Amino acid sequence: MTQKLFYENQYIKEFSANVVSCTEGKRGFEVILDKTAFFPEGGGQPGDTGFIGNATVIDTVESGEDIIHICSDAVSGDVECRLDFEKRFSFMQQHTGEHIFSGIIHSICGCDNVGFHMGEHNITVDFNCAVTLQQLEEAEKLSNEAVFANIPVEAIYPSDDELCNYDYRSKKEIKGQVRLTKIGDVDLCACCGTHVAFTGEVGIIKVISMANYKSGVRITLQIGRKALADYCEKNKSVHEISALLKAKTNEVTSAVERVMAQLQDARYKYSALKKEIFAFRAADASGEKYIAFDDGGEAEDARIFSDMLAENCGIAAVFSGNDESGYKYAITSRSEDVRAIGKELNSACNGRGGGKSDMVQGSVAAKREEIENFWNNL
Ligand SMILES: [Zn+2]
């Protein structure tokens, strides 16, 4: 049975221990110590990493009464051990923040936390009921107030008789000694994880998003050091956008709306101008078979232009695009059935598309020269 130092003091970063056993397993050497401060994966919290002697601890898992350290190399005898405490402290912040938030959601909405995942980038918490946006905002506000109040986080080990006097949150039936984590009157929850000693150490609890999930919701959170990193990244983005738009950081939304309106207006004017150019070019066009290219144009341009050309020509074909990205085409006629020409074009110029007897549309992956050769040999 491994002595669990992380329950005696969750801030232990370095400790001395004795290697009880070391055997080679699938993921590395499985090391059992007489005592450890490495927390094993459980309750949604990942296993700790760090060093045992010169060996790297890549994961820590629980197996019955023992805690197994998955190590890069074999170790023996007395060893000096060191946790990746920056990572562990972040887990402690996140775990404690999750308790605060879930306890508050429980008291506001009456629902339970039914799933919890501490990922590399954020935390997700699943609740078994609907949560309104107003309730979500309220829960975020109250959670941060609980952080600012710097409430002690206590571990309680009640006897079986005492346990029935407690009204606590629990995700599952627990066999053996129950460990309750108490955060003032904010939350009381059965949990085996590691937590900070005072809520102030959590730093900040920020809701990122909420989505419907099963019969309830999944809420994504950023907590503690991760929340700061997230804030820095988003702040950098807003400053970059603000510089690009020459707008103050708190006015980027209206600046983006303005740019989008300008873009739409420009598209409208561009489209009107193109129609004028098409009409101008179509006025001079004539003949039984007429081909035209519209450099950089879209499928809609080909359709509009070929329709204009068909007024004066027997069969009119327009290719919009360029040699690099290919062409969108439209072939139109007022008098002929153009479907057969469309099929020939597709097979000759690596194309696809079709349509009705008076107009076929599609695209070809061919160069202008190949298209012109095809057309001139029709
Ligand atoms: Zn916990």
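Let me begin by describing the structure that accompanies this report. This one's a predicted model, so the numbers in the text were calculated from it and none came from an experiment.

What counts, and at which threshold
- Residues numbered from 1 in each chain as written.
- Predicted model: local features only at pLDDT ≥ 70, side-chain atom pairs only at ≥ 80, totals over all residues.
- Heavy atoms only, no water.
- Helix = DSSP H or I, 4+ residues; strand = E, 2+ residues; numbered from the N terminus.
- Expected span 1.5 Å × (residues − 1).
- Contact = heavy atoms within 4.5 Å.
- Patch = residues over 30% accessible without salt bridge, like charges linked within 9 Å, V, L, I, M, F, W, Y side chains within 5 Å.
- Areas by Shrake-Rupley, 256 points an atom, 1.4 Å probe, with all protein chains shown as cover.
- Salt bridge = Lys/Arg side-chain N within 4 Å of Asp/Glu carboxyl O.
- Buried < 20%, exposed > 50% of the residue type's maximum accessible area, 1.4 Å probe, protein only.
- Axes fitted to C-alpha atoms, helices over the stretch in contact; angles between N-to-C directions.
- Parallel < 35°, antiparallel > 145°, perpendicular 65-115°, else oblique.
- Left-handed = near helix turned anticlockwise from the far one by under 90°.
- Nonpolar A, V, L, I, M, F, W, Y, C, P; charged D, E, K, R; others polar.
- Donors = N, O, S within 2.8 Å, 3.2 Å for Na, K, Ca; no water.
- Tetrahedral: all angles 85-135°; square planar, octahedral: opposite > 155°, others 65-115°.

1. What to know about helix 6 (residues 252-283)
Phase 1: Here helix 6 is 32 residues long and its end C-alpha atoms lie 46 Å apart, about the 46 Å a rise of 1.5 Å per residue gives.
Phase 2: If you follow the buried residues of helix 6, they end up packed against helix 5 (225-245), strand 16 (287-295) and helix 7 (299-309).

2. What about a nonpolar patch on the surface?
Phase 1: A contiguous nonpolar patch, built from Ile241, Val256 and Met260 and spanning about 260 Å² of accessible area, is present on the exposed surface.
Phase 2: Position of Ile241 among the secondary structure elements: in helix 5.
Phase 3: Residue Ile241 is classed as partly exposed on the basis of its relative accessible area, which comes to 37%.

3. Some points on the packing of helix 2 (residues 85-109) against helix 3 (residues 133-148)
Phase 1: Viewed as axis vectors pointing N to C, helix 2 and helix 3 meet at an angle of 135°, and their least axial separation amounts to 9 Å. By the angle between their directions, the pair helix 2 and helix 3 is classed as oblique. Seen along the crossing, helix 2 lies across helix 3 with a hand that is right-handed. Only Gln135, Leu136, Glu138, Ala139, Glu140, Leu142, Ser143, Ala146 and Val147 of helix 3 make contact with helix 2, whose side of the interface consists of Ile100, Phe101, Ile104, Ile105, Ile108 and Cys109.
Phase 2: Here the residues of the contact of helix 2 with helix 3 are counted per class, giving 11 nonpolar, two polar and two charged.

4. A short note on the coordination of the zinc ion
Phase 1: The protein atoms that coordinate the zinc ion are His95 (NE2), His99 (NE2), Cys191 (SG) and His195 (NE2), at distances of 2.0 to 2.4 Å.
Phase 2: Seen from the zinc ion, its four donor atoms lie at angles of 91 to 126°, and the figure they make is tetrahedral.

5. Remarks on the environment of Ile104
Phase 1: In this fold, Ile104 is placed in helix 2.
Phase 2: Exposure remark for Ile104: the relative accessible area of 7% places this residue in the buried category.
Phase 3: Along the primary structure Ile104 and Ala146 are separated by 42 residues, whereas in three dimensions their C-alpha atoms are 9.6 Å apart.
Phase 4: Excluding its chain neighbours within four sequence positions, the residues that come into contact with Ile104 are Ala139, Leu142, Ser143 and Val186.

6. What about the pattern of salt bridges?
Phase 1: The full count for this structure, using the stated rule, is 17 salt bridges.
Phase 2: The salt bridge involving Arg88 is made with Asp48; its shortest N-O contact spans 2.8 Å. With a gap of 40 residues between them, Arg88 in helix 2 and Asp48 in the loop between strand 4 (35-36) and strand 5 (50-52) connect regions that are remote in the sequence. You'll find Arg88 and Asp48 in the same group, each marked buried.
Phase 3: Note that Asp230 and Lys234 form a salt bridge whose closest N and O atoms lie 2.9 Å from each other. Of this pair, Asp230 and Lys234 both sit in helix 5, separated by four residues, roughly a single helical turn.
Phase 4: According to the relative accessible area criterion, Lys234 is partly exposed, its value standing at 41%.
Phase 5: Salt bridges sharing common partners tie together Lys274, Asp294 and Asp301.

Take it as geometry only, folks, not as evidence of what the structure does.
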